[in-house]
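Geometric and topological summary
So you can see what is in the structure, the chains are spelled out below.
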Amino acid sequence: QVQLVESGGGLVQPGGSLRLSCAASGSIFSINTMGWYRQAPGKQRELVATITSGGNTNYGDSVKGRFTISRDNAKNTVYLQMNSLKPEDTAVYFCKAVRYKGTIAAWGQGTQVTVSS
């Protein structure tokens, strides 16, 4: 079993920054890819960014150049640095872990990010 705990959400003004963290515990040896997804009210969950155990990254088009995903394998934690935040970035952000064999290991409980003046 894998457990994910997210932190770092909150309220920020447009143009501001936030950093999200997702700490994994349990059967972490089985995890390859970790990532962030978000879901705004009335919308489908969408990809924000992913990172593999080897450090390969992938970003959603709407966040490229503004968000950076990173991973500390020693701490079993993945981070999402969000800069130049826009109101349309407002959503619940979820952490996801995927095993080497391709199955989903876990989703986090979600953390709210609100961008508003």
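So, a few notes on the structure that sits alongside this text.

What counts and what doesn't
Residues numbered from 1 in each chain as written. Predicted model: local features only at pLDDT ≥ 70, side-chain atom pairs only at ≥ 80, totals over all residues. Heavy atoms only, no water. Buried < 20%, exposed > 50% of the residue type's maximum accessible area, 1.4 Å probe, protein only. Helix = DSSP H or I, 4+ residues; strand = E, 2+ residues; numbered from the N terminus. Pairing = 2+ DSSP bridges. Phe/Tyr/Trp six-rings, centres within 6.5 Å; stacked < 30°, edge-to-face > 60°. Salt bridge = Lys/Arg side-chain N within 4 Å of Asp/Glu carboxyl O.

The buried fraction of strand E4 (residues 31-39) is high, at 8 of 9 residues. Taken together, the 8 bridges between E4 and strand E9 (residues 91-99) define a ladder with antiparallel strand orientation. Along E9, the bridge assignment pairs Gln39 with Val92. Where E4 folds back onto strand E5 (residues 46-51) in an antiparallel hairpin, the turn is made up of 6 residues, including Gly42, whose phi is positive at roughly 80°.

All right, on to the packing of aromatic side chains then. All told, the structure shown has 2 aromatic pairs when counted by the stated rule. Between Tyr37 and Trp107, the ring centres sit 5.4 Å apart and the planes meet at 70°, which makes this aromatic pair edge-to-face. A residue pair is termed long-range when its members are at least 10 positions apart, and Tyr37 in strand E4 and Trp107 in strand E10 (residues 104-107) qualify at 70 residues. A relative accessible area of 17% places Tyr37 in the buried class. By relative accessible area, which is 33% here, Trp107 ends up partly exposed. Note on Phe94 and Trp107: the rings are 6.4 Å apart at their centroids and 90° apart in plane angle, and the pair reads as edge-to-face. Of this pair, Phe94 sits in strand E9 while Trp107 sits in strand E10, placing them 13 residues apart in sequence.

Within this structure, the stated rule accounts for 4 salt bridges. A salt bridge links Arg38 to Glu46; its shortest N-O distance comes to 2.6 Å. For Arg38, the salt bridge is made with Asp89, and the minimal N-O distance between the two is 2.9 Å. Of this pair, Arg38 sits in strand E4 while Asp89 sits in the loop between strand E8 (77-82) and E9, and the two are 51 residues apart along the sequence. The pair Arg38 / Asp89 is uniform in exposure class, with both members buried. Taken together, the salt bridges that share partners define one network made up of Arg38, Glu46, Arg66 and Asp89.

Attention shifts here to unusual backbone geometry. One non-glycine residue, Asn76, adopts positive backbone phi at about 55°. Its place among the elements puts Asn76 in the loop between strand E7 (67-72) and E8. A residue is classified by how much of its surface remains accessible, and Asn76, at 27% relative accessible area, is partly exposed. Of note in this structure, Ser84 is not a glycine but carries a positive phi near 50°. Turning to its location among the elements, Ser84 is positioned in the loop between E8 and E9. On the basis of relative accessibility, which here comes to 41%, the residue Ser84 falls in the partly exposed class.

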